[in-house]
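Residues per chain are reported as follows:
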Amino acid sequence: MTIDSAPVPDTLRWAVRLLRAEAVALALLAGWLVWADLTATKTDLVSALFVTGFAIAGAVALWALGGALARRRAGARAPAMVLELMLVPVGWFMISGGLGWLGAPLIVLGAGVCALLVSPPTTRALGFG
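Conventions we followed
Residues numbered from 1 in each chain as written. Predicted model: local features only at pLDDT ≥ 70, side-chain atom pairs only at ≥ 80, totals over all residues. Heavy atoms only, no water. Axes fitted to C-alpha atoms, helices over the stretch in contact; angles between N-to-C directions. Helix = DSSP H or I, 4+ residues; strand = E, 2+ residues; numbered from the N terminus. Parallel < 35°, antiparallel > 145°, perpendicular 65-115°, else oblique. Left-handed = near helix turned anticlockwise from the far one by under 90°. Nonpolar A, V, L, I, M, F, W, Y, C, P; charged D, E, K, R; others polar. Phe/Tyr/Trp six-rings, centres within 6.5 Å; stacked < 30°, edge-to-face > 60°. Buried < 20%, exposed > 50% of the residue type's maximum accessible area, 1.4 Å probe, protein only. Lys NZ or Arg CZ within 6 Å of the ring centre and 35° of its normal. Salt bridge = Lys/Arg side-chain N within 4 Å of Asp/Glu carboxyl O.

Let's talk about the packing of helix α1 (residues 10-39) against helix α2 (residues 45-70)
For any two helices packed against each other, one specifies the inter-axial angle together with the distance between the axes.
So, point 1. At a minimum axis separation of 8 Å, α1 and α2 run at an interaxial angle of 160°. In terms of axis orientation, α1 runs roughly antiparallel to α2. When you trace α1 past α2, the crossing you get is left-handed.
So, point 2. Class assignment for the residues of the contact of α1 with α2 results in 19 nonpolar, four polar and three charged.

Have a look at this one:
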């Protein structure tokens, strides 16, 4: 077994940090959803559990992908990029719904993390090209 002693490039390090930060933010949102589900006086239980479960699964996925990329697992790059690109339509929908203060940063965040993940230093660190 060989160990790659080359330092982790800053672009990959920042991509991992941002993925982990997104995971924490989504976990906090999931915690709030759990609280809202438990304290709601009237709710559609199936829908509430689905949305809450989706938030929890997203947080777990983002955290796991960040960890895999930190360990330079090349296979984690594509799923991470898919999750980041999902922020673009979400952000656009928020902008068109009057929440531009939140939608625009989400679009920038998604595009920014994707740019970090396809940058040449990250690409080399993950063993591509």
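Examining the packing of aromatic side chains
So, point 1. Tallying each qualifying case throughout the model produces one aromatic pair.
So, point 2. Ring centres 6.4 Å apart and planes at 25° place the aromatic pair F50 and F54 in the stacked group. Here F50 pairs with F54, and both are found in helix α2, just four residues apart, close to one helical turn.
So, point 3. Owing to a relative accessible area of 56%, F54 belongs among the exposed residues under this scheme.
So, point 4. Sitting above the plane of the W14 ring, R17 keeps its charged end 4.7 Å from the centroid.

Description of the pattern of salt bridges
So, point 1. Taken as a whole, this structure holds one salt bridge when the rule is applied.
So, point 2. Linking R13 and D10 is a salt bridge whose minimum nitrogen-to-oxygen distance equals 2.9 Å. With a gap of three residues between them, R13 and D10 both fall in helix α1, about one helical turn apart.
So, point 3. The class of D10 is exposed, set by a relative accessible area of 52%.

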